[in-house]
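The primary structure of each chain is shown beneath.
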Amino acid sequence: MKKNLALAVLLALSAAGAAAAEKAVPPKRDMRANPPGKFISPGYYVPNVFNAETVTIACSDGYRLAGDSIRRRRIPANHVPGILFLHEAGKDRRSWYPLTVQLAGRNYISLAVDLRGCGENPKLNSPDGKTLDKLPEADVRKMLDDVRNALSYLSMSPGADPDNIAIIGAGLGANLALAAAAEPWAKN
């Protein structure tokens, strides 16, 4: 009987200890349900240490470009280099994720834009928006002007160094980056 009583006391003490330990340990956070950051667009997660926003860039012909701007919340210096990301044909600005976030973590201001006729731009500009494959040639030629407008937007971003901006492109975006580098306005 003494053995049973000692065993019951031991079980009660271990249960009480387990309950106390359970209260002391905070519950695990479900990162999928409540992440410590935000989704600025579907599939585009940005941690809380960054300022991330979806932006609309007005072009000189009235066309509007959708983009994602990402930078650190606390920029160490007043003038931080910027990087403009241009995607390839058939893709959208989200194809540069997570590179845009990683470079923002290294004190760059990242701006990834949807090129004319790609991503959110067709819906943003008209209800029957034309995709890249249905754009008239005149609109395709205006893409270089879109790059200039995106560079202007990036150079005027808070904390950006307007004299230290790079363009990274893939496919069509790489061609636009090379063409933009050859333009006289790129030197400014």
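Described in the following lines is the structure provided in the data block.

About the criteria used
Residues numbered from 1 in each chain as written. Predicted model: local features only at pLDDT ≥ 70, side-chain atom pairs only at ≥ 80, totals over all residues. Heavy atoms only, no water. Core = buried A, V, L, I, M, F, W, Y, C linked by side-chain atoms within 4.5 Å. Buried < 20%, exposed > 50% of the residue type's maximum accessible area, 1.4 Å probe, protein only. Helix = DSSP H or I, 4+ residues; strand = E, 2+ residues; numbered from the N terminus. Contact = heavy atoms within 4.5 Å. Pairing = 2+ DSSP bridges. Axes fitted to C-alpha atoms, helices over the stretch in contact; angles between N-to-C directions. Polar contact = N/O pair within 3.5 Å; in protein donor to acceptor, adjacent residues only side chain to side chain.

1. A look at the nonpolar core
Here comes step 1: By size, the foremost hydrophobic cluster in this structure holds 24 residues, and its most contacted members are I57, L84, L86, L111, V113, V147 and L176.
Here comes step 2: When contributions to this core are tallied by element, the ones reaching two or more residues are β3 (50-58), β5 (80-86), β6 (109-113), α5 (143-155) and α6 (172-181).
Here comes step 3: With six residues, the top contributor of residues to this core is α5.
Here comes step 4: Residues within four places of L176 in sequence aside, it is in contact with L86, L115, M143, L144 and V147.

2. Structural notes on the sheet that holds β6
Here comes step 1: Spatially, the five strands line up as an open sheet ordered β3-β4-β6-β5-β7, and their pairing is mixed. Strand pairing shows two members of the sheet lacking a second neighbour, β3 and β7 (160-169), which therefore form its edges. Neighbour to neighbour, the strand axes of the sheet diverge by 20 degrees on average, direction disregarded.
Here comes step 2: Sheet analysis places β5 next to β7, joined by six bridges and oriented parallel. The residue bridging G82 from the neighbouring strand is I165, located in β7.
Here comes step 3: In the packing of α5 onto the sheet, the strands contacted are β3, β4 (64-72), β5, β6 and β7, and the crossing angle to β7 comes to about 140 degrees.
Here comes step 4: Set on the sheet, α6 makes contact with β5 and β7; between it and β7 the angle comes to about 140 degrees.

3. Topic: the environment of D114
Here comes step 1: Relative to the helices and strands, D114 resides in the loop between β6 and α3 (121-125).
Here comes step 2: Residue D114 is classed as buried on the basis of its relative accessible area of 0%.
Here comes step 3: Each C-alpha atom, one on D114 and one on L86, is 7.4 Å from the other, the two residues being 28 residues apart in sequence.
Here comes step 4: Ignoring sequence-local partners within four residues, the contact set of D114 consists of L65, A66, H87, D92, R93, G119, E120 and N121.
Here comes step 5: A polar atom in the side chain of D114 sits 2.6 Å from the side chain of R93.

4. With respect to the environment of S157
Here comes step 1: As for its position among the elements, S157 is in the loop between α5 and β7.
Here comes step 2: In sequence terms S157 and R71 are 86 residues apart; their C-alpha atoms lie 10.0 Å from each other.

Interpretation in functional terms is not warranted from these geometric data alone.
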